[in-house]
Amino acid sequence: MRRFMTTTAIAVLMGITTGVPAHAQDQGVEVLHWWTSGGEAAALQVLKDGLFNDQAINWEDMPVAGGGGGDAMTVLRARVTAGNPPTAVQMLGFDILDWAQQGTLGNLNDVASAQGWDAVVPTALQQFSKYEGNWIAAPVNVHSTNWLWINKAALDAAGGAEPTNWEEFVALLEAFKAQGITPLAHGGQAWQEATIFDGVVLSLGNDFYKAAFIDLDPAALGGEQMKEAFDRMTTLRTFVDDNFSGRDWNLASAMVINGEAGVQIMGDWAKGEFIKAGKVPGTDFVCMRFPGTQGSVTFNSDQFAMFNVSEERRVSQMAMAAAIMDPAFQSAFNVVKGSAPARTDVSDEAFDACGKKAIADLAAANTAGTLFGSMAQGHAQPAAIKNALYDVVTRHFNGELSSEDAVTELVAAVAAVQ
Amino acid sequence: MNIKEQAQAWLPRLVISPSAVLVLVFVYGFILYTGYLSLTDSKMLPSYGFVGLENYQKLWALPHWHKSLANLGIFAGLYIVISSVLGLGLAILLDQKIRAEGVLRPIYLYPMALSFIVTGTAWKWFLDPGIGLQNTVQLWGWTDFSFTWIKDSNLAIYCVVLAAVWQSSGFVMAMFLAGLRGVDNEVIKAAQMDGASTGTIYRRIIIPLMRPVFLSAFVVLAHLAIKAYDLVIALTGGGPGQATQLPATFMYSYTFTRNLMGIGASSAIIMLVMIFSIIVPYLYSELRGEKR
């Protein structure tokens, strides 16, 4: 009897100290992300439904709108500083490594070794999913920024030929102008201008892109080729409508979808908007690499960085990480999202023509060593340098700097924050 | 009796002390903390490696910061002058003992009840060439009409002035109206007997008498201008390009989105110094006035 009492007392005490046993709400995952536009939200639903149906894991949604995730990162900073990080956070490139450096991220090595992530995730991606040899994030997809999205009807009216170099591209834009539509659908936000700049710089050569954005070589940043890149931006500026500044990227996509505009230069997340509007690749719209960049890919990868959370939550966190890397999910998600899977062993069968092209281009670029991190999407340089580059590109695009001044400013801006 | 007296002496202090402590910690404490951060190598999160004045040197080398200061010069200058002139003009007109003053006054004051976010969003739509004024006038038949200031790098800052003036001039009017009502009627009557015209009375007597109101209006408007953030974010987002960046938007961007918290903190301290340089002389003149 006495023994029974003691055991009960211990059990009660343990109940008090360890808190109530894990209830359903403790097994949820709280996910901070910025996938709020139509195509993106639909893609995320695949993951939410999968987790809930298969493992009864509740998804606590924490969306913070704004492409590129600037606002989401501000929310995250407040949560982490307050000692209450979300379970998982959608993150891009160097942001993941910055957070890892602060010691706030969890360790996914158990799941990673059980599922063999090392063998299937492209090496270029692992640079951002691992820190000091430990897995810290689960990559969801691989996007690339050097794409054109062309309205098929407008292209046919202009002769139907896809432009293969810069001159042909300018001629196509002129033809769109003659049709009375806005030639280039663009939203005047710094990151969108930088996205165009990715393609423009890459079209001047793989070595040039690498020297300028990956190595930050002052000779490349301040050279003649960079001036040429800015001159091309000036040319593109003449093809946007008067009302472009401040427009969100998905509204610019809508202009191409509706036939109000001819082409958008945007990463392949734009495809989700076309698909959601019921458009078919090859029939209603054409996807192609930015003219002169076929064979190279400037990638960015959405990853879910996993934060240090309480033990109860860690179980569902690991389940979420495993679910993300499941080949079936990678295929289902990326078909909707418009991106390529983040693992190389996923069949491209379910993908449309643009998706098959993205997967093939990615594999080819990976083998050829022409897979580069996107400057615009924070996969070439950390936030401080990325934004310093943004400043110059957006000021030049909005007419505040001439091409000569922009080149000088570019070198100075990078040096100032290095 | 003694206890009661003591309680009466201590009770007010006791009641005020929690808020005093809160203000001490959350206002002055964090001002000091920001000042300290501006001297450290903080990047994404606060860190405490001391770097001296390096952040200030970097700050003053940034073209983005100079652009923000130049924009603040244009914005604050025009905002303060136009709001004061409009406010004074409206106050003088309302002061003519007109019949419907009770109805008119709240109409002019009403914009002050809106937040800058609402003002900014409403004006963004109104000024947007695609859906606002330009589009409407063109639909009415004047197809050549063009009004694209908000999309023009050189003119967008004036759109911010426009929206801010619309928001604040009614409030300034109320301040001036109170000032006008405070002017001694005897003085005015004496001037009228001497044959002074209404214009002369306002110019030579009433407006000079309202010097303290001008000062108060200036201080209120100047600090609103320096801390202006929400209006710009709602109206233009700082764009096109960097055309409408102000020190407050600069501070937010460097501290929170660029992972350069040290530089962001140093810009916040510069803004604090700017506000101090306005408030301190004002307080000084007020206190000196009281003594006299």
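Numbering of residues begins from 1 in every chain and follows the order in which that chain's sequence is written. Chains carry letters from A onward and ligands carry numbers from 1 onward, assigned in written order. Per-residue local features are limited, in this predicted model, to residues with pLDDT of at least 70; the limit for side-chain atom pairs, both in listing and counting, is 80 or more; totals at the level of whole chains, interfaces and linings are taken over all residues. To get the side-chain values, take all heavy atoms of the structure and skip hydrogens and water.

Caption draft 1: The arrangement of the overall build of chain B in detail. Helix and strand assignments follow DSSP, with helices taken as H or I runs no shorter than four residues and strands as E runs no shorter than two, numbered in order from the N terminus. Of the regular secondary structure elements, chain B holds 13 helices and 0 strands. For chain B, the sequential pattern of α-helices and β-strands runs α-α-α-α-α-α-α-α-α-α-α-α-α. Values of the radius of gyration come from C-alpha atoms, whereas the globule rule sets the reference at 2.2 Å times the count of residues to the power 0.38. Its C-alpha atoms give chain B a radius of gyration of 24 Å, clearly above 19 Å, the size a compact globule of 292 residues would have. Considering only C-alpha atoms, chain B reaches an extent of 85 × 75 × 30 Å along its principal axes. Type-normalised accessible area, obtained with a 1.4 Å probe on protein chains alone, sets the label of each residue: buried when under 20%, exposed when over 50%, and partly exposed for intermediate values. Each of the 292 residues in chain B was classed as buried or not, and the buried ones make up 40%. Note on definitions: a residue-residue contact is assigned when non-hydrogen atoms from the two residues lie within 4.5 Å. Expressed as a percentage of contacts within chain B between residues at least 6 apart in sequence, the contacts between residues at least 24 apart total 68%. Computed over 20 positive and 14 negative side-chain charges, the separation of the two mean positions in chain B equals 2 Å. Only four residue types enter the charge count: Lys and Arg as positive, Asp and Glu as negative, with His and the chain ends excluded. Where a charge sits is defined by one atom per residue type, namely NZ (Lys), CZ (Arg), CG (Asp) or CD (Glu).

Caption draft 2: Geometry of the nonpolar core. Residues and elements named next belong to chain A. Grouped together as the largest cluster of nonpolar side chains are 132 residues, with contacts concentrated most on Trp117, Phe197, Met226, Leu236, Phe304, Met320 and Ile324. Looking at this core element by element, the count peaks at 8 residues for helix α19 (residues 383–397). When residues are assigned to domains, this core turns out to be shared by domain 1 (7–144 + 299–357) and domain 2 (147–298 + 376–417), each giving three or more. Among all residues touching Ile324, those that are not within four sequence positions of it are Leu47, Ala138, Pro139, Val140, Phe304, Met306, Phe329 and Gln330. Buried Ala, Val, Leu, Ile, Met, Phe, Trp, Tyr and Cys residues form a nonpolar core when they are joined through side-chain atoms within 4.5 Å. In this document the domain limits rely on a domain assignment from an automatic tool or a database.

Caption draft 3: Main features of the sheet that holds strand β3 (residues 88–92) of chain A. Residue and element names in this part refer to chain A. Pairing within the open sheet is mixed, and its 5 strands lie in the order β2-β1-β3-β13-β6. The open sheet has two edge strands with one neighbour each: β2 (59–63) and β6 (137–139). Going from strand to strand, the sheet's axes swing by 25 degrees on average, the running direction of each strand aside. Strand direction decides the pairing type here: strand β1 (residues 29–33) and β2, joined by 5 bridges, are parallel. Paired with Glu30 across the bridge in β2 is Glu60. Helix-sheet contacts for helix α3 (residues 70–81) involve β1, β2 and β3, and the interaxial angle to β3 is about 135 degrees. To obtain an axis, a line is fitted to C-alpha atoms, over the contacting stretch when the element is a helix, and the angle between two such axes runs from 0 to 180 degrees between their N-to-C directions. Running over the sheet, helix α4 (residues 94–101) touches β3, β6 and β13 (302–306) and is turned about 125 degrees from β3. Strand pairing is assigned whenever DSSP identifies at least 2 bridges connecting the two strands.

Caption draft 4: A look at the pairing of β1(A). Residue and element names in this part refer to chain A. Among the 5 residues of β1, 5 are classified as buried, and the element is accordingly described as predominantly covered. Burial along β1 is two-sided: the face carrying Val29, Val31 and His33 and the face carrying Glu30 and Leu32 are both buried. Here β1 pairs with β3 via 2 bridges, running parallel. Within β3, the residue paired with Leu32 across the bridge is Val89.

Caption draft 5: Spotlight on a nonpolar patch on the surface. Patch membership is restricted to residues that have no salt bridge and whose relative accessible area is over 30%. Joining uses 9 Å for like charges and 5 Å for the nonpolar side chains Val, Leu, Ile, Met, Phe, Trp and Tyr. Only the protein chains shown count as cover for residues, and the accessible areas themselves come from Shrake-Rupley with a 1.4 Å probe. Each reported salt bridge corresponds to a side-chain nitrogen of Lys or Arg within 4 Å of a carboxyl oxygen of Asp or Glu. Side chains of Val21(B), Leu22(B), Val23(B), Leu24(B), Val25(B), Phe26(B), Val27(B), Tyr28(B) and Phe30(B) sit close together on the surface and give an oily, nonpolar patch of about 860 Å² of accessible area. Along the chain, Val23(B) falls in helix α1 (residues 2–37).

Caption draft 6: Looking closely at the interface of chain B and chain A. Counting residues at the interface gives 25 residues for chain B, matched by 23 residues for chain A. One can count 1 salt bridge joining chain B with chain A. One salt bridge connects Asp391(A) with Arg258(B), and the closest N-O pair in it is separated by 2.7 Å. Those elements giving two or more residues to the side of chain B that touches chain A turn out to be α3 (63–94) and α12 (247–257) of chain B.

Caption draft 7: Broad picture of the sheet that holds strand β8 (residues 147–151) of chain A. All names here are of chain A. Read from one edge to the other, the open sheet built from 4 strands follows the order β9-β10-β8-β11, with strand pairing classed as mixed. For this open sheet the edge positions go to β9 (182–185) and β11 (285–289), each flanked by a neighbour on one side alone. Averaged over neighbouring strand pairs, the angle between their axes works out to 20 degrees when direction is ignored.

Caption draft 8: Quick look at the packing of aromatic side chains. All names here are of chain B. Between rings of Phe, Tyr and Trp, where Trp is taken as its six-membered ring, a pair exists when centres lie within 6.5 Å; planes separated by under 30 degrees are stacked, by over 60 edge-to-face, and by other angles tilted. Counted under the stated rule, the structure contains 32 aromatic pairs over all chains. Between Tyr36 and Tyr48 the ring centres are 6.1 Å apart and the planes differ by 15 degrees, which places this aromatic pair in the stacked class. On the criterion of sequence distance, the pair formed by Tyr36 in helix α1 and Tyr48 in the loop between α1 and α2 (54–61) is long-range, its members being 12 residues apart. The interplanar angle of 85 degrees and the centroid separation of 5.9 Å between the aromatic rings of Trp60 and Trp65 together place this pair among those described as edge-to-face.

Caption draft 9: Molecular detail of the domain arrangement of chain A. Residue and element names in this part refer to chain A. Domain boundaries assigned for chain A yield domain 1 (7–144 + 299–357) and domain 2 (147–298 + 376–417). Look at where the C-alpha atoms of domain 1 and domain 2 centre, and you get two points 30 Å apart. With 25 residues of domain 1 at the interface, the matching set in domain 2 holds 28 residues. Here domain 1 packs against domain 2, burying approximately 2200 Å² in sum over the two surfaces, 57% of which is carbon and sulfur. Buried area is understood as the total, over both parts, of accessible area removed when two parts are fitted together, assessed with a 1.4 Å probe. Considering only the side of domain 1, the residues that lose the most area to domain 2 are Ser144, Cys354 and Lys357, jointly responsible for 29% of the buried surface there. With a closest N to O distance of 3.1 Å, Lys271 and Asp352 form a salt bridge. Between N or O atoms, a polar contact is any pair within 3.5 Å; within protein, one atom must be a potential hydrogen donor and the other a potential acceptor, and residues adjacent in sequence are included only when both atoms are from side chains. One can count 9 residue pairs in polar contact (both at pLDDT 80 or more) joining domain 1 with domain 2. Elements that contribute at least two residues to the side of domain 1 that touches domain 2 include exactly α2 (38–55), α4, β7 (141–144), β12 (297–300), α17 (327–337) and α18 (353–368). Ranked by the residues each element gives to the side of domain 1 that touches domain 2, the list is headed by α18, at 4 residues. Throughout, the ten residues Ala, Val, Leu, Ile, Met, Phe, Trp, Tyr, Cys and Pro are labelled nonpolar, Asp, Glu, Lys and Arg are labelled charged, and all others, Gly among them, are labelled polar. Per-class residue counts for the side of domain 1 that touches domain 2 are 8 nonpolar, 12 polar and 5 charged.

Caption draft 10: Spotlight on the pairing of β7(A). Residues and elements named next belong to chain A. Side chains Asn141 and His143 of β7 all project onto a buried face; the interleaved residues Val142 and Ser144 project onto the opposite face, where all are buried too. Here 2 bridges tie β7 to strand β14 (residues 340–341), and the two strands are oriented antiparallel to one another. Considered in β14, the bridge of Val142 is made with Ala340. Summarising the sheet, β7 and β12 pair through 2 bridges and their orientation is antiparallel. Directly across from His143, in β12, lies its bridge partner Asn300.

Caption draft 11: Layout of the environment of Gln167(B). Residues and elements named next belong to chain B. Examined against the element boundaries, Gln167 turns out to sit in helix α7 (residues 156–181). The class for Gln167 is buried, based on a relative accessible area of 3%. On a C-alpha basis, the gap between Gln167 and Ile150 in space is 18 Å, while along the polypeptide they are 17 residues apart. Ignoring anything within four residues of it in the chain, the contact list for Gln167 reads Pro111, Met112, Leu114, Ser115, Phe116 and Thr119.

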